[in-house]
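Listed below are the residues making up each chain.
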Number of protein chains: 2
Amino acid sequence: MAGLLRLHRERVQPGWIDYNGHLLDAYYLLIFSNNTTTFMEHIGLGAKERAEKGHSLFTLEVHLNYLHEIIVGQETWVDIQLLGHDAKRLHVFYTLYAEDSPQPRATSEQMLTNIDMNLRKSVPFLPEVQARIEAIAREQADLPRPANVGRIIALPRK
Amino acid sequence: MAGLLRLHRERVQPGWIDYNGHLLDAYYLLIFSNNTTTFMEHIGLGAKERAEKGHSLFTLEVHLNYLHEIIVGQETWVDIQLLGHDAKRLHVFYTLYAEDSPQPRATSEQMLTNIDMNLRKSVPFLPEVQARIEAIAREQADLPRPANVGRIIALPRK
């Protein structure tokens, strides 16, 4: 979909497969986490900036929905949508795909926060990072809200 | 707390540490996932039963709250609370601890479903597994509901 960010591709590694013969739940999140790292580069928080400025992102909260299995060797990619932001937080939504199907394999909603790595506490984004975030928010302003946003986990009512 | 299940301990491995110098978000979930494996043994879905009966559990949905950092080498353990169940689903809540502090490091609420691995679809639990689940539910019937159950992810309202 136009406006979504697609920044990173990677293949499912043999060590990520479990006794059920498919990608283990935790490694879906590793793929999402690697996409966060690429997204950080995209907004000016890559390795160089992290070292020079002492800012990084920490994960506060994650929601994952597992939709379809993924097997070893498949290439994956993620569409990134910025759902919201404030002075120090990012609310993001990720949709994971793999190469043999156009159907989403999983979604992840996350809250990330900007950290001063010397103070080890949350602080406002650097001005140049804030500007990049606001530019993405403007580009994505008209995107629809994904269906899995704001879910709670519960058994169906009888 | 009496009634919670504490089944599995493991140490944080060097390969699980990220560029922020602490346990990467995905490896918190790996620790929770390994606890699920031990919980499966506890309810009669260990490796032997999975091979003989062809039943296993798949993860449908996960919610994670990251509360405190964990560093390399620390031993971790998880308290498991069964929040609910039906004929083929388990609604579980995990609280993660590490050895140097009594404070929870993270929580995870999850929905798991029983799978017939030949059909690759969800089916009711085996009777002996259902009986183990119901016994745990009875033992844990008086436990309080953890604070992080049923959360949605959202920025604070201004």
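Residues numbered from 1 in each chain as written. Chains lettered and ligands numbered in written order. Predicted model: local features only at pLDDT ≥ 70, side-chain atom pairs only at ≥ 80, totals over all residues. Heavy atoms only, no water.

> Explain the relation of the copies chain B and chain A to me, please; I cannot follow it from the model alone.
Both copies of the chain are placed relative to one another by a rotation about an axis and a shift along it. Expressed as a screw transformation, the operator carrying chain B onto chain A has a rotation angle of 180° and an axial translation of 0.0 Å, and the superposed copies differ by an RMSD of 0.0 Å. Taken together, the rotation and translation describe the operation of a two-fold axis. Judged by C-alpha distance, B:His63 is the residue of chain B that lies nearest the rotation axis, at 2.2 Å. (Least-squares fit on C-alpha atoms with pLDDT ≥ 70 in both.)

> Help me understand the environment of B:Leu30, please; the structure alone is not making it clear to me.
Here B:Leu30 shows up in helix α1 (residues 25-42). For B:Leu30, a relative accessible area of 6% gives the class buried. A C-alpha to C-alpha distance of 9.5 Å links B:Leu30 and B:Trp16, two positions 14 residues apart in sequence. Every residue in contact with B:Leu30, bar those within four places of it in the chain, is listed here: A:Leu24, A:Ala26, A:Tyr27 and B:Trp16. (Helix = DSSP H or I, 4+ residues; strand = E, 2+ residues; numbered from the N terminus. Buried < 20%, exposed > 50% of the residue type's maximum accessible area, 1.4 Å probe, protein only. Contact = heavy atoms within 4.5 Å.)

> Can you walk me through the nonpolar core in this structure?
A:Leu29, A:Leu64, A:Leu90, B:Leu29, B:Leu64 and B:Leu90 are the most contacted members of the largest nonpolar core, which totals 72 residues. Discounting chain neighbours no more than four positions away, the residues touching A:Leu29 are A:Val62, A:Leu64, A:Gln110, B:Asp25, B:Ala26, B:Leu29, B:Leu64 and B:Tyr66. (Core = buried A, V, L, I, M, F, W, Y, C linked by side-chain atoms within 4.5 Å.)

> Before we go on, may I ask you to explain the interface of chain B and chain A in this structure?
Often, the extent of an interface is quoted as the loss of accessible area on bringing the components together. Across the boundary between the two partners, chain B contributes 42 residues, which contact 42 residues of chain A. Summed over both sides, the interface between chain B and chain A buries roughly 3,800 Å², with carbon and sulfur atoms accounting for 55% of that surface. When the buried area of chain B at its contact with chain A is split by residue, B:Glu61, B:Ile153 and B:Leu155 rank highest and sum to 19% of it. Inspection of the region where chain B meets chain A yields four salt bridges. The closest approach of N and O atoms between A:Arg151 and B:Glu61, which form a salt bridge, is 2.6 Å. Counting across the interface, chain B meets chain A through 25 residue pairs in polar contact (both at pLDDT 80 or more). Contributing elements (two or more residues each) for the side of chain B that touches chain A: α1, β2 (55-66), β3 (75-85), β4 (89-98) and β5 (101-116) of chain B. Among the elements that make up the side of chain B that touches chain A, the one with the highest residue count is β2(B) (eleven residues). (Buried area = accessible area lost by both parts, 1.4 Å probe. Salt bridge = Lys/Arg side-chain N within 4 Å of Asp/Glu carboxyl O. Polar contact = N/O pair within 3.5 Å; in protein donor to acceptor, adjacent residues only side chain to side chain.)

> It is not clear to me how helix α3 (residues 127-139) of chain A should be interpreted in this structure. Could you clarify?
What sets the pattern is the α-helix's 3.6 residues per turn: residues three or four places apart point alike. Residue and element names in this part refer to chain A. Spanning 13 residues, α3 covers 19 Å between terminal C-alpha atoms, matching the ideal 18 Å at 1.5 Å per step. The set of residues buried in α3 consists of Val129, Gln130, Ile133 and Ile136. Buried residues in α3, looked at end-on, bunch into an arc of 120°, giving them a common side. With respect to the buried face of α3, the exposed residues turned more than 90 degrees away are Pro127, Arg138 and Glu139. Where α3 is buried, its residues touch α1 (25-42), β3 (75-85) and β4 (89-98). (Expected span 1.5 Å × (residues − 1). Arc of directions from axis to C-beta.)

> What am I meant to see in the pairing of β3(A) here?
As a general feature of sheets, a regular strand has side chains that alternate between the two faces. All names here are of chain A. Burial runs high along β3: eight of the eleven residues are buried. In this sheet, β3 lies alongside strand β1 (residues 9-11) in antiparallel orientation, the contact comprising three bridges. Bridge pairing in β3 places Glu10 opposite Thr76. Note: β3 against β4, nine bridges, orientation antiparallel. Bridging across to β4, His85 finds its partner in Leu90. In this antiparallel pair of consecutive strands, β3 and β4, the connection spans three residues. (Pairing = 2+ DSSP bridges.)

> Got a minute to help me understand the side chain of A:Thr113 in this structure?
Residues and elements named next belong to chain A. Positionally, Thr113 belongs in strand β5 (residues 101-116). In this structure the side chain of Thr113 is engaged in a polar contact, spanning 3.2 Å, whose partner is the backbone oxygen of Lys88. Beyond its immediate sequence surroundings of up to four residues, Thr113 is in contact with Ser56, Leu57, Phe58, Leu60, Lys88, Arg89 and Ser122.

> Before we go on, may I ask you to explain the packing of aromatic side chains in this structure?
Working definition: an aromatic ring pair is given by the centre-to-centre distance plus the angle between the planes. All names here are of chain A. All chains considered together, the criterion is met by nine aromatic pairs over all chains. Both rings, one in Tyr28 and one in Tyr66, keep their centres 4.9 Å apart while their planes meet at 85°; by these two values the pair is edge-to-face. Taken together, the positions of Tyr28 in helix α1 and Tyr66 in strand β2 (residues 55-66) put the pair 38 residues apart, joining distant regions of the chain. The pair formed by Tyr28 and Tyr66 is uniform in burial state, with each residue classed as buried. (Phe/Tyr/Trp six-rings, centres within 6.5 Å; stacked < 30°, edge-to-face > 60°.)

> Would you mind showing me how to read the pattern of salt bridges here?
Two side chains that carry opposite charge are able to pair once their charged atoms sit near each other. All names here are of chain A. Tallied over the entire structure, the rule returns 18 salt bridges over all chains. A salt bridge links Glu75 to Arg9; its shortest N-O distance comes to 3.2 Å. Taken together, the residues Glu75 in strand β3 and Arg9 in strand β1 connect sequence positions 66 residues apart. Of the residues examined, Glu75 reaches a relative accessible area of 22% and is grouped as partly exposed. Here Arg105 and Asp100 are joined by a salt bridge, their closest N and O atoms 2.2 Å apart. Residue classification places Asp100 among the exposed positions, given a relative accessible area of 52%.

> What is the right way to read unusual backbone geometry from this model?
Residues and elements named next belong to chain A. Although it is not a glycine, Arg120 adopts a positive phi angle of roughly 60°. Looking at the secondary structure, you find Arg120 in the loop between β5 and β6 (121-122). With a relative accessible area of 35%, Arg120 lands in the partly exposed category.

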